[in-house]
Amino acid sequence: MIGSQWRKWDLHIHTPSTKMNNNYGLIDDELDKFSTILEESDVYGFGITDYFSIDNYLKFIDFYKNKYPNSKKLFLPNIEFRLDISVNKKSEEINIHVIFSNTINSGRIKTFLNNLSTHLRGENNAKKKCSELTDNDYSSATVSIDDLQNCLNDIFGKDNCYLVVTAANNAGLRPTNSPRKLTLTDEIDKVSDAFFGGTQNVEYYLKTDRYEGQKLSHPKPVISGSDAHSYEEINDRLGKNHNVEIEGKLVNISETTWIKSDLTFEGLRQIKFEPQHRIKITINEPRQPRRKIESIKLNFPDDAEIKNSKSDASQPFCLNRLKKELHFSPYFTSIVGGRGTGKSTIINLLAQKLGIENKFFSETKIYNGDGSPITINESSKEIEINGTNEIEYVSQGTIENLANQENLTKLIFNERIRLLNSDLLKLETSLETEYANIERNIFIANEIIKDVTLKDSLSKEQATFEAIIDSINDAEYIEITKRIGEITKNISEIESSAKDYTELLSEVADLISKYDNKDFNNYYSNRINEIIEILKNLEEIKEPSKEKQPIVDEEKFLENLKKDLNDQKEKLQKFFEEKGTNEDSIQDSEMASDKLNEIKLKYESVNTRLQRHIKVYKTNSSDSNKLERLRNDIIESIDKNIVSINERLKTNDKNVSLISFDHSFNVNLFLETLFQDFIEEFEPYFLRNTPKDKIKEALYCIQPEEVIEIENGDIIEAFEIKFHDLGFNEDANFVRILIAIFSDKWNIEKYKNLIMKHYYNYPEYVKINGKYGNRELSSCSFGQRCTAVIVTLLMTGVKPLVIDEPEAHLDNKLVADYLVHLIKEKKYDRQVIFATHNSNFVVNGDSELIHCLEIPGDKVFTEIESIKIETVHKRDLLLRLEGGIEAFKTRENKYGI
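Predicted model, so just to flag it, every value in this text is computed and none were measured.

Across its full length, the chain holds 31 helices and 29 strands. Relative to the globule expectation of 29 Å for 897 residues, the C-alpha radius of gyration of the chain, 44 Å, shows a markedly less compact shape. If you line up the chain on its principal axes, its C-alpha atoms span 165 × 75 × 75 Å. Out of the 897 residues in the chain, the part that is buried amounts to 47%. Expressed as a percentage of contacts within the chain between residues at least 6 apart in sequence, the contacts between residues at least 24 apart total 75%. Total accessible area computed for the chain in this model is approximately 46,000 Å², and 46% of it derives from carbon and sulfur atoms.

This part is about the sheet that holds strand S13 (residues 279-281). With mixed pairing, the 9 strands of this open sheet are ordered in space as S9-S8-S7-S4-S3-S2-S1-S12-S13. Single-partner strands in this sheet number two, and they are strand S9 (222-223) and S13. Bridge count between strand S1 (residues 5-14) and strand S2 (residues 43-51): 5 bridges; the pairing is parallel. Opposite tryptophan 9, over in S2, you have glycine 45 as the bridge partner. Helix-sheet contacts for helix H8 (residues 265-273) involve S1, strand S3 (74-86), strand S4 (93-100), strand S7 (162-167), S9, strand S12 (257-261) and S13, and the interaxial angle to S7 is about 50 degrees.

With that settled, consider the packing of aromatic side chains. Scanning the model with the defined rule gives 43 aromatic pairs in all. Judged by centre distance (5.4 Å) and plane angle (50 degrees), the rings of phenylalanine 665 and phenylalanine 670 are tilted. With relative accessibility at 1%, the residue phenylalanine 670 sits in the buried group. Aromatic ring contacts, followed pair by pair, group Phe675, Phe678, Phe682, Tyr685, Tyr700, Phe719, Phe723, Phe728, Phe734, Phe742 and Tyr751 into a single cluster.

Positive phi is not limited to glycine here, since asparagine 125 has a value of about 65 degrees. Residue asparagine 125 is classed as exposed on the basis of its relative accessible area, which comes to 51%. Positive phi values are uncommon outside glycine, yet aspartate 846 reaches one of about 55 degrees. For aspartate 846, the position within the fold is in the loop between helix H29 (839-844) and strand S28 (849-854).

A contiguous patch of negative charge on the surface is contributed by Glu711, Asp714, Glu717, Glu720, Glu730 and Asp731. Looking at glutamate 711, the relative accessible area reads 56%, which means it is exposed.

Thresholds applied
Residues numbered from 1 in each chain as written. Predicted model: local features only at pLDDT ≥ 70, side-chain atom pairs only at ≥ 80, totals over all residues. Heavy atoms only, no water. Helix = DSSP H or I, 4+ residues; strand = E, 2+ residues; numbered from the N terminus. Rg over C-alpha atoms; globule rule 2.2 N^0.38 Å. Buried < 20%, exposed > 50% of the residue type's maximum accessible area, 1.4 Å probe, protein only. Contact = heavy atoms within 4.5 Å. Areas by Shrake-Rupley, 256 points an atom, 1.4 Å probe, with all protein chains shown as cover. Pairing = 2+ DSSP bridges. Axes fitted to C-alpha atoms, helices over the stretch in contact; angles between N-to-C directions. Phe/Tyr/Trp six-rings, centres within 6.5 Å; stacked < 30°, edge-to-face > 60°. Patch = residues over 30% accessible without salt bridge, like charges linked within 9 Å, V, L, I, M, F, W, Y side chains within 5 Å. Salt bridge = Lys/Arg side-chain N within 4 Å of Asp/Glu carboxyl O. Lys, Arg positive; Asp, Glu negative; His and termini not counted. Charge placed at Lys NZ, Arg CZ, Asp CG, Glu CD.

Structure below.
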């Protein structure tokens, strides 16, 4: 069972041999043809109509049931009468219909027709009863509204077995400005349960101020019927919109009527109570929410047990025997039952299975009979869910949690603005690209600082070794050291190149492995494949194990160089021995000769890398103007969404104050987070025992966003001026720390990047502010905050809304007078699933599907009965929400209802 469903209905269709305007023909098999057309049509509920009589209905039903004994279609007797008064401009009598339940005994309807008098007179001048009319009488027969109403009351009493439906168009209620006729119209309106008409009538009959007097009118449904009297009219009108041109204007003769209910008279009768939501006149089936949970199926072991963490005692899991699939209406499903029947557990299992952690399973555990735990997560085999995996789940504690201002506003931004706004997502994606560059540049700036430091160190080492060598001016020494330097350089270059060669081949092999066989048909993919083929054809790749003669020659040459180097070192040692130089000098000299060229090569390498980093940094540098534009665009996008949300939250209901939201940049959070990053980047500069709050105070004496606009060379001066104006001691540690940091331009670059990383990230620091009436949510009472939460949840968002006991913390009057009406409006935009024991939500909220849970008598396992409001024979299950029928009657008598 999936609950009350939309189906096409035609409650005004005449049978062959109808008493007037019979245009079907007179052939013998008319009922056969008529029955076939109705069975094969996409209309499911019919009002089989005739004037002043039920005979043709009974004849049709008898034939139809024999022809289609398994048909699922519904046929209701519709008796059409003509009143003895007219109120419209054409002075036409009013057509009024009585649609009876198909379950009522036809003998009672015949008794009703035997007792209802017309204005025609027969023998002895007595008024003819409806059942006494002849073929010549039907076109002129009329009844009075009083006789009709009294006869219905006399025969059927309080039995809710019929609906009175009056024609609003053509032979119907189109009153002139006559006060008398307007009063008559109001009286007929009061007697009527519904009206036959079209879309042009719907708004009028939903009004509560239709009557001429002060008395309020009830909203009433409008039904469009085909009023077919021929096969041609059935073909043109049945389940379709049909317009004709009258006096140069297109007029709706028939429109498609959709009714959301069971295919029962009681289902139809619900349109009387829900004229706005149970019936729609439209070509297409009324919309359903796009995201839907269709069903949940539980399959827990028969011996599963449940244990609460607060107690060691375990008990059988009440849902063990609940094996059948539990469906959900696409609109509003209620799960009801007493405490301990498992209604909240089903809701929690649904959420946990969909990956939403909830408190229930942190306090409650389910175990197999052998004591092993059953883990509830997305891969749990014990639970199967069909439908969307996106829901908005509100546990019993969530409303209370969301009543905290910060949590509700986070939900507004993440679930109502960011999730549903594709423009904002695009802007955030652009922002993320910029932030990737900022993060990259912070990393590069650190690498540059390392390279500058290393370069300075190498420069000092080079000067030291050059001093040792320069102290020896002998020509022979110069010649030998020159030769040693040349050889050392050659050796170093060859070994370095050999290492690069090996690494290059390894990287080429990795590239081939990474990009080989990319099976995409586009330019980039094709070009990648071409490059990979070139790499594959390299000699070293094709034959990696083959010994290359050039390499052998180069290795031989390297051996000779090393031998020559040793010879030169021996000559140098002999030179110092002949000169009488001590051993330390020899070692210093030898080390200087070896190291100097290494240092020079390393210096050149570091310098090359440094220049490359600087070039990459400049290329990657983010444009603060571009970031500012992105920030402004994001703010504008959020503005639009906030306006849209506030529009949806507008209400004129006296039970609820206006709920609204705005947004701002959370400056305090921005400054705190930026400073934490500042500490992480520059903590090595901090002096021991220097209070961080003093560093923070000094750092923010210039607003971060202003620092971005200051030239690097002017930063220290700008801070010094501020320090002076604020009276900071220039020798104070926190001042010296900042001056030391900003003395390095690359530290300034890092700080500017940190500022951009945070300041322009508006979504990260957006602060959504809520109001209830004219008060900030944070200063409202707990009950007011809970009201704001539940109203905001219902009126915004698109995911299925699943709430466990939404009535908690809510005033019953608010539920009855406002929230149930809100649910009826919003369930067409998003699916609603409640676990509740509040009858207002279930009944007045017109729940399309109700799952009633109970554990009978002394049993321990939950049993379930799935019903709808129109399920008459199970209505006692709903009455239990009111404490049972006797409790309901007691309150009814007590309040004098």
